[in-house]
Amino acid sequence: MYVDVNVRDGIAELVLNHPPVNALPAAGWSHLAEVVSSLGRDDAVRVVLIAAEGRGFCAGVDIKELARDGSLIAAVNRGCYDAFAAIYDCPVPVISAVHGFCLGGGIGLAGSSDLVIASEDASFGLPEIDRGALGAATHLMRLFGMQKTRRMLYTGEPIGAQEAYRLGGLESVVKRENLRPAARELAAKLAAKSPKAMRLAKWSLNGIELLDPKQSYRFEQGFTFELYTSPDSQEARDAFVEKREARFTDTKKKG
């Protein structure tokens, strides 16, 4: 439906496959969360590898779905939270192999992962500020740090793979044609380790992390919900769907 899954030699390869840009609806995020959680409970799975078909890794949430029905924001928020948490809490390491665009919810997927490998054509961004939304800054900060996160969130500007690597957010950058092979090679190295040791290592690393991504992201989502109830949010979504510049009301003049 939204993802293809293949388990072989201890590696569960989960491939996003929702054309045209892997922008998932509310149901898609919930489905992804269920799949990752199920793989984590499977003793035959030692590593999860997330990749994608199409032009890019993931364009985030389906803005068109929300433009049609803004009341779905609660379901989208829940689905995203569950999907990111499932990756972060997965008992085994999760590797994201990113190509093309990684936007919005895609940042949540990559930023919840243990390791991220990107192709040279990859770009990372949070365009939410121009879509009437907020969110996933927690995961962006986990990848790129405070200053770059603030700039990217405030401006909506993306960064390329080499800059992302310079900032320490990527394990490596490879040629586009080498992305899946490189990710599988790394996954195979992890899958060859002691399953007990690997699961304990994942648990220990999550335990010593200074930032709690789940609590932090849940805090963010409250502001996302508040923004979605405003006229500015609906105008931003309408402008995106209609391919025009947004026209925001100056609230100071209403005084």
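Heads up: the structure comes first, above all this text.
Residues numbered from 1 in each chain as written. Predicted model: local features only at pLDDT ≥ 70, side-chain atom pairs only at ≥ 80, totals over all residues. Heavy atoms only, no water.

A. Local environment of the pairing of strand E8 (residues 115–119). Among the five residues of E8, four are classified as buried, and the element is accordingly described as predominantly covered. In terms of strand pairing, strand E6 (residues 94–98) meets E8 through four bridges, oriented parallel. Pairing of Ser96 across the sheet is with Val116, part of E8. Bridge analysis of E8 against strand E11 (residues 172–174) gives three bridges, and the strand direction is parallel. By the bridge assignment for E11, Ser119 is matched with Val174. (Buried < 20%, exposed > 50% of the residue type's maximum accessible area, 1.4 Å probe, protein only. Helix = DSSP H or I, 4+ residues; strand = E, 2+ residues; numbered from the N terminus. Pairing = 2+ DSSP bridges.)

B. Inspection of the pattern of salt bridges at higher detail. In this structure the tally under the stated criterion is 13 salt bridges. Of the charged contacts in the structure, one is a salt bridge between Arg8 and Asp9, with a shortest N-O distance of 3.9 Å. The pair formed by Arg8 and Asp9 is uniform in burial state, with each residue classed as exposed. For the salt bridge of Asp114 with Lys202, the shortest nitrogen-to-oxygen distance reads 3.0 Å. You can see Asp114 sitting in the loop between helix H4 (105–112) and E8 and its partner Lys202 sitting in helix H9 (residues 195–208), a full 88 residues away along the chain. On the basis of relative accessible area, Asp114 is assigned to the partly exposed category, the value being 30%. Under the relative-accessibility criterion, Lys202 is labelled buried at 4%. Ionic contacts of the salt-bridge type, sharing partners, join the residues Glu13, Glu53, Arg180 and Arg184 into one network. (Salt bridge = Lys/Arg side-chain N within 4 Å of Asp/Glu carboxyl O.)

C. Spatial organisation of the side chain of Asn77. When you line up the elements, Asn77 lands in helix H3 (residues 73–89). Each residue touching Asn77, except ones within four places of it in the same chain, is listed here: Gln221, Thr224 and Phe225. (Contact = heavy atoms within 4.5 Å.)

D. Highlighting unusual backbone geometry. For the bond running from Pro19 to Pro20, omega is 5°, close enough to zero to count as cis. As for its placement among the helices and strands, Pro20 is situated in the loop between strand E2 (11–16) and strand E3 (23–24). Backbone geometry places Ala136, a non-glycine residue, at a positive phi of 70°. Residue placement: Ala136 occurs in the loop between strand E9 (123–125) and helix H5 (137–144). The class for Ala136 is buried, based on a relative accessible area of 3%.

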